[in-house]
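Structure assessment
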Amino acid sequence: MVINRYISSLEEHFAEYERLKKILVNGETFANVLEFGMSVKLGRLLKFGEGLYVESHKAPISTRFQLEKFIETYRYATDKAEKLKSLIKSL
């Protein structure tokens, strides 16, 4: 399912953000465009701050807590979609 690939991609790219944050020092600027409209951006001069940027989300994801909350919404929607699909099939 595409949504599962999207969630995996979020987790992988956030891990990359955390790894790069440890490596880059002195406010070095870094930006990398990734799949599913995501990008990792680091540096002092960023308007909205460092983090994992997602096209559909205004603010960057910069903490593990933010990432988990963001993914939780997708898992909730997937669960509801499966239940709705089962309900429609039963009619």
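The structure we're discussing is the one just above.
Everything quoted here is computed from the prediction, not taken from an experiment.

When its secondary structure is counted, the protein chain shows two helices and three strands. Start at the N end of the protein chain and walk to the C end: the helices and strands fall as α-β-β-β-α. Relative to the 2.2 N^0.38 estimate, which gives 12 Å for 91 residues, the radius of gyration of the protein chain is 16 Å and therefore markedly larger than a compact globule would have. On the principal axes, the C-alpha backbone points of the protein chain span a range of 60 × 20 × 20 Å. Going through the 91 residues of the protein chain one by one, you find that 26% of them count as buried. Put simply, 42% of the contacts in the protein chain that link residues at least 6 apart link residues at least 24 apart. Looking at the protein chain as shown, the accessible area adds up to about 6,400 Å², and 58% of this sits on carbon and sulfur atoms. Computing the positive centroid from 15 side-chain charges and the negative centroid from 12, the protein chain places the two 4 Å apart.

Moving on, we come to a nonpolar patch on the surface. Together, Leu84, Leu87, Ile88 and Leu91 line one region of the surface with nonpolar side chains, adding up to about 460 Å² of accessible area. Considering the arrangement of structural elements, one finds Leu87 in helix α2 (residues 64-90). Note on Leu87: relative accessible area 48%, which makes it partly exposed.

Aromatic ring pairs: the centre-centre distance and the angle between the two ring planes describe each pair. Applying the stated criterion across every chain yields a total of four aromatic pairs. Pairing Tyr6 with Phe36 gives two aromatic rings, centres 5.4 Å apart and planes at 85 degrees, and the pair type is edge-to-face. Of this pair, Tyr6 sits in helix α1 (residues 2-23) while Phe36 sits in the loop between β1 (30-33) and β2 (38-42); the two residues are 30 residues apart in sequence, bridging distant segments of the chain. Measuring from centroid to centroid gives 5.4 Å for Phe70 and Tyr74, while their planes differ by 65 degrees, and the two rings are edge-to-face. Note that Phe70 and Tyr74 are positioned in helix α2 at a spacing of four residues, about one turn of the helix. Its relative accessible area of 11% is what places Phe70 among the buried residues. Put simply, the rings of Tyr6, Phe36, Phe70 and Tyr74 touch in pairs and so form one group of aromatic residues. Of note, Lys41 hangs over the ring of Tyr53, and the distance from its end group to the ring centre comes to 4.7 Å.

Definitions and cut-offs
Residues numbered from 1 in each chain as written. Predicted model: local features only at pLDDT ≥ 70, side-chain atom pairs only at ≥ 80, totals over all residues. Heavy atoms only, no water. Helix = DSSP H or I, 4+ residues; strand = E, 2+ residues; numbered from the N terminus. Rg over C-alpha atoms; globule rule 2.2 N^0.38 Å. Buried < 20%, exposed > 50% of the residue type's maximum accessible area, 1.4 Å probe, protein only. Contact = heavy atoms within 4.5 Å. Areas by Shrake-Rupley, 256 points an atom, 1.4 Å probe, with all protein chains shown as cover. Lys, Arg positive; Asp, Glu negative; His and termini not counted. Charge placed at Lys NZ, Arg CZ, Asp CG, Glu CD. Patch = residues over 30% accessible without salt bridge, like charges linked within 9 Å, V, L, I, M, F, W, Y side chains within 5 Å. Salt bridge = Lys/Arg side-chain N within 4 Å of Asp/Glu carboxyl O. Phe/Tyr/Trp six-rings, centres within 6.5 Å; stacked < 30°, edge-to-face > 60°. Lys NZ or Arg CZ within 6 Å of the ring centre and 35° of its normal.

Any functional reading would require information beyond the geometric quantities listed.
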